[in-house]
Amino acid sequence: MLDALSAAAPSVIRRQDYRPPDWLVPEIELDFTLDGVKSRVRAVLQVERNGDHRRPLTLDGDDITPELVRVDGVTLGGDAWSLDDGRLVVPLPGSQHRVETEVLLSPELNTQLMGLYASGGLLCTQCEAEGFRRITFFPDRPDVLSRYTVRMEADRARYPVLLSNGDPVGTGELADGRHWAQWHDPYPKPSYLFALVAGDLEVNRSEFTTRSGRVVELGIWVRKDDLPKTDHAMAALKASMAWDEQVYGREYDLDVFNIVAVSDFNFGAMENKGLNIFNSRYILADPDTATDADYDAVAGVVAHEYFHNWSGNRVTCRDWFQLSLKEGFTVYRDQCFSADQGSAAVKRIEDVRMLRAAQFPEDAGPLAHPIRPDSYIEISNFYTATIYNKGAEVIRMMAVMAGPERFRRGTDLYFERHDGQAATCDDFIAAMEEGAGLDLGQFRRWYEQAGTPRVTATLTQKGSTVSLRLEQQLAATPGQPDKQPMVLPLRVRLFNERSGEPLGEERLVVMTVAEQTVVFENVADRAVLSINRGFSAPVTVETNRTPSDLAFLSAHDDDPFARYEAMQQLMLDTLVGAIAGGTPDHAPVIAAIRNTLADPALDKAFVAEAVLLPSEGFIGDHMLVVDPDAIHAAREALRREIATGLMAEWRAAYADCQANRFEYSSKAKGARRLRSVALGYIAVSDAPDAAALAFGQFETADNMTDRQGALGTLANGDSAERLTALGAFYDRYRDNALVLDKWFSTQALSLRDDTLDQVIALSKHADFTLANPNRVRALAGAFAVNQRAFHTEDGRGYAFLADIIVALDRINPQTAARLVPPLGRWRRFGEGRAALMRQALQRIVDTPGLSKDVYEQASKSLV
Ligand code: TRP
Ligand code: ZN
């Protein structure tokens, strides 16, 4: 927390100021005497002076005080060391010393969930990015790599399981019902990858044999009752291990790999070496409690954390400005893994939807930053969609330009060259240039410039010559008034409007200048443009395509993403036109949806995606001034027309997707997805049986996808069944926190007029708590992306969110700070709303004792 003085100007960390560490710590021994109220941590560091200098040893510390400081076996008096802003400073005479410290911790009082904390009777740690300094004094920076030996001692009854990184090397019994375990991790690692877990856990065990024959013992550790929900995660883990061998040639490197699920967690999961710790929502899945989307998220996050073993752990980051080195690359890897496991087309659509929903607004607002930032106040605030998702798109562009074989040569060189090192984004680019044989000179701007490039594509046809005029623009972002042209790999293909067939092969147009024209010769028929196929570059594209061109592409494009995109563009153009006051022509959209529903070649999951209207938020992103009520009205009007205009089709699709019994397969998942979409459309028509149909699905569902699909539909409406279903859902799942989160978020996402009041009431519900990040995100996080509910004209939504942020900041600044960005979008709204949003932000900034996490987000959002 900041005191009143420093609150005005918390210090800024700059990338340019990077200096190698003064001291290295090749070895560390940690000895934990664990207890919820009072844990003792003894650390023994072998330190080595790095380079020729006289500077003292400086060890980071946060909220800890040394009980003892000893150097080379001699206990130091209080005059031989000092504390400087939490850091322990010890002048040392030689170049190598053995430094010992002891601190006391109170895990049960640690509400920040950083460092050593208690969650549901367990003790666990979270160190990334700077949590290790809350456990012991240490140079807590990712370029200090150490070999860890960890001994834990605890009460056997309360904490029968004691886990840490690496391999187990010993266990034993002690007096008074206590016991101990020791672990050793042979791979030098930065402190952010340290972890321990102590608690009463049960394990789902399995084995994986690597391609070189190493037998790895796998364990997923959960509370006893959750054990039956761990099989999906285990299957995903094994699939990930095999995939990384096949696709990247990367093998696992320890004899054990453990995963622990915890209920209180600030993020999704954490890749600690050999001991991944997960938010339980990304481990636990069974048909009764998890939706198909949850199953996919479990597999995706398990893969993500596993892949970090190479992209993050074996090769780590030199400093936190390089965060996208591990996160962007690892997201790219998990995206490709998931694409290989199921429908690649649908996965790409989901990833792009996520990028547009979370990252494009970031790039367009006050918190915009490059994927390699230049400065930060609090690094936790930079675990953003830009670092993760745009970072993944940047890696993907390199893969597109190189092609699979050359891309693989690039990653091979990167892993070989930097194994065991703390590397930079530049190191990755250099390895890719050399290994893949690419010139990435100008491409490096993706690491430097923030903002989403906008491409204007104009197709003209004169006789048999087609010219594609391309222009790119990049708007100013905070601190970057002038921008240079970016390298944009655009996959382009033309289609013959008459025949519906492609006109020639696809071309990869790598745009490098502000304006450029691409010419296609010998085009006999009228050409229709398919551009940025597969979303090959993370840009927005404006074209001179007509509604009938878009409808044509939605039926004929051979790139599934482009086909989806054409439909979305058609819907978006229709809606934006309607909002601007024109008389909307809904017919082309309805016709295109009819076609899509009738196409037997399409898989149902794809159809379900393609026939969904863009979200209210996405529509807002395409308006000069966001008018939430007009957007809602226009979208609902179109939704109703699609519903009534295609009622027979929706009924048929609904019936066609009906299953006798739950099955977990791609096909069955696709059917469930389309069924819920069909139900949603049937429900917005005024069909008299709609609520009964939804309620019937709710009651008879044998899986959570169908049950929640029906509940979501009912929660949007006004029927008597709505409250009955919400009540029944609550009664059934009141003891299951993860499912209760769905109960909260479903209501927070409701399109009803009274959602704001419902959300405020839910924040006073006995089951709402600020202590659990999942619960906070389920209510306040979901509410803040419900555009119309959040942006009521009176500003009560803003005040509500600000209240939550201020209250949460006192116990968990990291999670509180993540709720700030929706308020920072005030420039996008009309004067009245903008003033109220700023007022809420100002009230947050003015709060005494604010954390630097929230201070950074709120103060930057005001600018
Ligand atoms: N490295 C983690 C991941 O991407 C992210 C993470 C987990 C994290 N816990 C955190 C980031 C706490 C900041 C704070 O999988
Ligand atoms: Zn990650």
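Heads up: the structure comes first, above all this text.
Note that the structure is predicted; figures quoted are calculated from it, not measured.

Turning next to the overall build of the chain. Along its length, the chain carries 27 helices and 31 strands. Computed over its C-alpha atoms, the radius of gyration of the chain comes to 28 Å, within 12% of the 29 Å expected for a compact globule of 863 residues. The buried share of the chain, reckoned over its 863 residues, is 59%. Counting only contacts in the chain whose residues sit at least 6 apart along the sequence, the fraction spanning at least 24 positions is 70%. Side chains of the chain carry 93 positive and 122 negative charges; the gap between the two charge centres is 1 Å.

Okay, the pairing of strand 5 (residues 68-71) next. One ladder, built from 4 bridges, connects strand 5 with strand 9 (residues 96-105); its direction is antiparallel. Within strand 9, the residue paired with Val 71 across the bridge is Val 99. Across 2 bridges, the pairing between strand 5 and strand 6 (residues 74-75) is antiparallel. Opposite Val 71, over in strand 6, you have Val 74 as the bridge partner. Connecting strand 5 to the next strand, strand 6, in antiparallel fashion are 2 residues, including Asp 72 with a positive phi near 50°.

Along the polypeptide, Met 114 turns up in the loop between strand 9 and strand 10 (115-119). With a relative accessible area of 6%, Met 114 lands in the buried category. Expressed as a C-alpha distance, the spacing of Met 114 and Asp 439, which sit 325 residues apart in the sequence, is 41 Å. For Met 114, the contacting residues outside a window of four places in its chain are Gln 126, Cys 127, Glu 128, Ala 129, Glu 130, Gly 131, Arg 134, Asn 266 and Gln 814.

As a further point, take the coordination of the zinc ion (ligand 2). Every protein donor of the zinc ion (ligand 2) is accounted for by His 304 (NE2), His 308 (NE2), Glu 327 (OE) and Glu 327 (OE), and the metal-donor separations fall at 1.9 to 2.7 Å. Along the chain, the residues that donate to the zinc ion (ligand 2) are spaced as H-x3-H-x18-E. Taken as a pair, His 308 in the loop between helix 2 (292-307) and strand 22 (316-317) and Glu 327 in helix 3 (residues 323-341) lie far apart in primary sequence, 19 residues in all. Pair check on accessibility: His 308 and Glu 327 agree, each one buried.

This part is about the site of ligand 1. Taken together, 14 residues lie around ligand 1, and Glu 128, Ala 269, Glu 271, Glu 305 and Tyr 388 are the ones closest in. Between a nitrogen atom of ligand 1 and a side-chain N or O atom of Gln 126, the distance comes to 3.1 Å. With respect to ligand 1, the side chain of His 304 contributes an N or O atom lying 3.4 Å from an oxygen atom. Burial of ligand 1 by the protein chains amounts to 99% of its free accessible area of 370 Å². Put simply, the parts of the chain that give the shell around ligand 1 at least two residues each are strand 20 (269-270), helix 2 and helix 3. Here the shell around ligand 1 is composed, by residue class, of 5 nonpolar, 4 polar and 5 charged.

Our focus in this paragraph is the packing of aromatic side chains. On inspection of all chains with the given rule, the structure shows 41 aromatic pairs. Their ring planes at 80° and their centres at 5.7 Å tell us that Phe 307 and Phe 337 sit as a pair that is edge-to-face. Of this pair, Phe 307 sits in helix 2 while Phe 337 is found in helix 3, placing the two residues 30 residues apart along the sequence. Grouping residues by exposure puts Phe 307 and Phe 337 together as buried. Cluster of aromatic residues (ring-pair linked, three or more members): Trp 243, Tyr 248, Tyr 252, Phe 257, Tyr 306, Phe 307, Trp 310, Phe 329, Phe 337, Tyr 414, Phe 415 and Phe 428. One cation-aromatic arrangement involves Arg 250 over Trp 310; the distance from NZ or CZ to the ring centre is 4.6 Å.

The rules behind these values
- Residues numbered from 1 in each chain as written.
- Chains lettered and ligands numbered in written order.
- Predicted model: local features only at pLDDT ≥ 70, side-chain atom pairs only at ≥ 80, totals over all residues.
- Heavy atoms only, no water.
- Helix = DSSP H or I, 4+ residues; strand = E, 2+ residues; numbered from the N terminus.
- Rg over C-alpha atoms; globule rule 2.2 N^0.38 Å.
- Buried < 20%, exposed > 50% of the residue type's maximum accessible area, 1.4 Å probe, protein only.
- Contact = heavy atoms within 4.5 Å.
- Lys, Arg positive; Asp, Glu negative; His and termini not counted.
- Charge placed at Lys NZ, Arg CZ, Asp CG, Glu CD.
- Pairing = 2+ DSSP bridges.
- Donors = N, O, S within 2.8 Å, 3.2 Å for Na, K, Ca; no water.
- Near = heavy atom within 4 Å.
- Polar contact = N/O pair within 3.5 Å; in protein donor to acceptor, adjacent residues only side chain to side chain.
- Areas by Shrake-Rupley, 256 points an atom, 1.4 Å probe, with all protein chains shown as cover.
- Nonpolar A, V, L, I, M, F, W, Y, C, P; charged D, E, K, R; others polar.
- Phe/Tyr/Trp six-rings, centres within 6.5 Å; stacked < 30°, edge-to-face > 60°.
- Lys NZ or Arg CZ within 6 Å of the ring centre and 35° of its normal.

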